[in-house]
Amino acid sequence: MTAPAPAIEFVASYVQDAWWRPADDVAGTEVRDAATGEPVARVSTDGLDVAAAVEHARTVGQRSLGELSLHERALKLKELAAHLTAHKQELYVLSHRTGATDKDNLVDVDGGIGTLFTFSSKGRRELPNSQVLIDGAVEPLSRDGSFIGEHIYTRLPGVAVQINAFNFPVWGMLEKFAPAFIAGVPTLVKPATPTGYVTAACVRLMVESGLLPAGSLQLISGSARDLLDHLDHRDLVAFTGSAGTAASLKAHPQVADGGVRFTAETDSLNAAILAPDAVPGTPEFDAFVGSVVTEITSKAGQKCTAIRRTIVPATVVDDVVEALRGRLAAVVVGDPRTEGTTMGALASVGQREEVTRSVRRLEAAGGQVRIGGAPDGNGDDAFFPPTVLTFADADTEQAHSVEAFGPVTSVLGYSDVDDAVRLAALGQGSLVATVCTNDPETATALITGIAAHHGRVLILNRQDAKTSTGHGSPVPHLIHGGPGRAGGGEELGGIRAVKHHMQRTAVQGSPDMLTAVTGVWHAGAAVNSVSRSDVDAGTGEHPFRKSLATLRIGDQFASDLRTVHLQDILDFAETTGDKFYAHTDEEAAMANPFFPRRVAHGYLLVSWAAGLFVDAAPGPVLANYGLENLRFITPVTYDDAIRVTLTCKQITPRVTDEYGEVRWDAVIHNQHDELVAQYDVLTLVAKEA
């Protein structure tokens, strides 16, 4: 008698910092290998306490993340990325079961890990090592400067719920997790069922690293129908999936009336436009065809950024189809684990059937299948051939509204550039478009025409064809999202994505209070000032003698006056070669409405200011590495005098180095106490003396 086959294991959830599975007698949903149809796992959340997971994030997760600064959280992303890199082969093996090839894994697995690295780097370079971000300049609200206002960002006090699609089980999670983590908001991720077991494996690796603060990441493997019931205005939902599901979630009472922040990235009939100058035989034509083939075959066309509408001059429709046929003839569809396969399967049989229905709808609307076509039969595999359709009428409504979420594109002909812009807009909002041209005027016309309909536009030509990251690859530095049908949301975009997980608040008060709140010195706030005579007499310590261990916001140095002589101006002009007439020609300078007579060079004054405030001996200040926000206000002529006031404005210790960045507020005044120039000086200062 044959022994019964062992039950397929459930994909575990990770909630309240522990792994959880349903009882063995729960049936669950069976997930199958996309290429073979063999059972891979079961998925169910029967018995899972979703409310407790949300509360755990709001309490334990918020507390543990709040104990870390922005830089400390960013550094953990780098460490997590390194750990995943060391174990990514495990994710590759699992991803093959979803129909993903090795090349697809580079986009999903390596792309997700790369996103962690990028956000880690940008977070430590572009954000303060604190908890509060300042947005914009200070607004003076009183004449004497005692009442000011500005905008700040602070982290959301709830949980970031991330609902992801099946096509990118690793990248889809990590690109949402990274900015939320830096912002200090715990993540509760709910992946799509067909490929969620890969997401669960990635989460397991992250947990096993020991790097995750308690409560900072939780995973729900399976249905979470009541999840939104437990959310409120403190929380954020980031959704990727169909427009229908997005609309349903938006209508939920907690979103519609309860204040839950909601962002969506949904269906998108992205376009690639071949410009009239990119005729067959040009590098642009070849790059265009290659891009379309890549987008049809990468992830078997299961990308929200894939090219669904190939918009070309009507005169070259057949040329484009034949060029695509030649390239697609080399594509080998099959099991990703089989040597020689270049395109794998769709994620599931259900997805294959959905793409088949969409292609049939396009055919019924007048679409002619020129390459490929929906497969016959009802096998257990999810293979679907690369498919290209054409339409006699490019205005056919279904060509711009039916998205076959697989290796399918429609080639549509246009009459002129304006017509191409019009056809692109019929998609009613898309994530991305490509404009392929080597003509600047055509590029300008197409970009200005379609930009408002798209979240991102790639200009493809012979110069960037080899270096471009491609039409369908969102990069962490730039926004991913789009208007209208594409969902109207934004993800990624560098530090913008971090701010999506924060609340912008206008704060009003005295300079002392805003300095305390932000950790950045504001003009008019208290200072600890010393002069050159104080330093020389030993009654005061120059701020440049202080390491980060003793330096404080508001530490200030006030210099003596230095007189400007005409010969100083002429010597500077001769030495630098800057003989602009305002510095060297008395008559011409006086004829200029801005100058009383010959004036000192602005950079002469900045150089002198450095000499006035510097403390020359070796000490904690390691280097001056820049000036920012420099403005010259009042001209300085010969026989005038200048002085400089240098105030410690912001201290940013670097979490990976034995030094940090200090930003100094530098102000130059003349002998009449008129403002001459203002700027920020950036220095690197040792943490210890």
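The shown structure was predicted, so the numbers you read here are calculated from the model rather than taken from an experiment.

Examining the overall build of the protein chain
So, step 1. A count of helices and strands for the protein chain gives 20 helices and 28 strands.
So, step 2. In terms of its C-alpha atoms, the protein chain occupies a principal-axis envelope of roughly 100 × 60 × 50 Å.
So, step 3. Intrachain contacts of the protein chain at a sequence separation of at least 6 include 74% that bridge at least 24 residues.
So, step 4. By element, 52% of the accessible surface of the protein chain is carried by carbon and sulfur atoms, the whole surface being about 28500 Å².

Looking at the sheet that holds strand β5 (residues 133-140)
The strands making up a sheet associate through hydrogen bonds between their backbones, and the pairing can be parallel or antiparallel.
So, step 1. Read from one edge of the open sheet, three strands run β5-β6-β21, paired in antiparallel fashion. A single partner strand is all that each edge strand has here, and the edge strands are β5 and β21 (502-509). Sheet twist, expressed as the average angle between the axes of neighbouring strands with direction ignored, equals 20 degrees.
So, step 2. Those strands touched by helix α15 (residues 511-518) are β5, β6 (148-155) and β21, and its axis lies near 15 degrees from that of β6.

Topic: the sheet that holds strand β18 (residues 454-460)
So, step 1. The sheet built from seven strands is open, its strands ordered β14-β15-β16-β13-β12-β17-β18 with mixed pairing. Since the sheet does not close on itself, it has two edges, and those belong to β14 (367-371) and β18, each with one partner. Averaged over all adjacent pairs, the angle separating strand axes in this sheet is 25 degrees, with direction ignored.
So, step 2. Strand direction decides the pairing type here: strand β12 (residues 270-274) and strand β17 (residues 430-436), joined by four bridges, are parallel. Across the sheet, the residue bridging to Ala 271 is Ala 433, located in β17.

Considering the side chain of Lys 649
So, step 1. Its location among the elements puts Lys 649 in strand β26 (residues 641-653).
So, step 2. Overall, the relative accessible area of 19% leaves Lys 649 in the buried class.
So, step 3. Among the polar contacts listed, one links the side chain of Lys 649 to the side chain of Asp 680, at a separation of 3.2 Å.
So, step 4. Apart from the residues lying within four places of it in its own chain, the contact partners of Lys 649 are Gly 519, Val 520, Trp 521, Ile 553, Arg 663, Trp 664, Asp 665 and Asp 680.

A few points about helix α12 (residues 417-425)
So, step 1. For α12, every residue scored as buried is listed here: Val 417, Asp 419, Ala 420, Val 421, Leu 423 and Ala 424.
So, step 2. In this structure, the buried side of α12 is in contact with β12, β13 (307-313), β16 (408-414), α13 (440-450) and β18.

Thoughts on the nonpolar core
So, step 1. Of all hydrophobic cores here, the largest spans 58 residues; its most connected members are Leu 274 and Leu 324.
So, step 2. No other element matches the seven residues that helix α9 (residues 283-297) contributes to this core.
So, step 3. Contact partners of Leu 274, with chain neighbours within four places excluded, come to Glu 284, Phe 285, Phe 288, Ile 311, Val 312, Pro 313, Val 316, Val 320, Tyr 414 and Cys 436.
So, step 4. Counting residues in each nonpolar core, the second largest holds 57 residues, with Tyr 14, Trp 171, Tyr 197 and Ile 495 among its members.

Here we look at the side chain of Ser 209
So, step 1. Among the structural elements, Ser 209 can be located in the loop between α6 (196-208) and β9 (217-219).
So, step 2. From its side chain, Ser 209 meets the backbone oxygen of Met 206 in a polar contact 2.6 Å long.
So, step 3. In terms of polar contacts, Ser 209 uses its side chain to reach the backbone amide nitrogen of Leu 211, at 3.1 Å.
So, step 4. Excluding residues within four positions of it along the chain, Ser 209 makes contact with Leu 80 and His 83.

Digging into the pattern of salt bridges
When their charged atoms lie close together, side chains carrying opposite charge are able to pair.
So, step 1. The tally for this structure, following the rule as stated, stands at 32 salt bridges.
So, step 2. Residues Asp 235 and Arg 58 are paired through a salt bridge, measuring 2.5 Å at the closest nitrogen-oxygen approach. Taken as a pair, Asp 235 in the loop between β9 and β10 (236-240) and Arg 58 in helix α1 (residues 50-66) lie far apart in primary sequence, 177 residues in all.
So, step 3. Residue Asp 235 is classed as buried on the basis of its relative accessible area, which comes to 0%.

Considerations on the packing of aromatic side chains
So, step 1. The full count for this structure, using the stated rule, is eight aromatic pairs.
So, step 2. Ring centres 4.6 Å apart and planes at 40 degrees place the aromatic pair Phe 580 and Tyr 581 in the tilted group.
So, step 3. Classification of Phe 580 as partly exposed rests on a relative accessible area of 42%.
So, step 4. Classification of Tyr 581 as partly exposed rests on a relative accessible area of 32%.
So, step 5. Chaining the aromatic ring pairs together yields one cluster made of Phe 544, Phe 613 and Trp 664.
So, step 6. Positioned over the ring face of Trp 19 is Arg 204, at 4.1 Å from the centre of the ring.

Reading the values: rules and limits
- Residues numbered from 1 in each chain as written.
- Predicted model: local features only at pLDDT ≥ 70, side-chain atom pairs only at ≥ 80, totals over all residues.
- Heavy atoms only, no water.
- Helix = DSSP H or I, 4+ residues; strand = E, 2+ residues; numbered from the N terminus.
- Contact = heavy atoms within 4.5 Å.
- Areas by Shrake-Rupley, 256 points an atom, 1.4 Å probe, with all protein chains shown as cover.
- Pairing = 2+ DSSP bridges.
- Axes fitted to C-alpha atoms, helices over the stretch in contact; angles between N-to-C directions.
- Buried < 20%, exposed > 50% of the residue type's maximum accessible area, 1.4 Å probe, protein only.
- Polar contact = N/O pair within 3.5 Å; in protein donor to acceptor, adjacent residues only side chain to side chain.
- Core = buried A, V, L, I, M, F, W, Y, C linked by side-chain atoms within 4.5 Å.
- Salt bridge = Lys/Arg side-chain N within 4 Å of Asp/Glu carboxyl O.
- Phe/Tyr/Trp six-rings, centres within 6.5 Å; stacked < 30°, edge-to-face > 60°.
- Lys NZ or Arg CZ within 6 Å of the ring centre and 35° of its normal.

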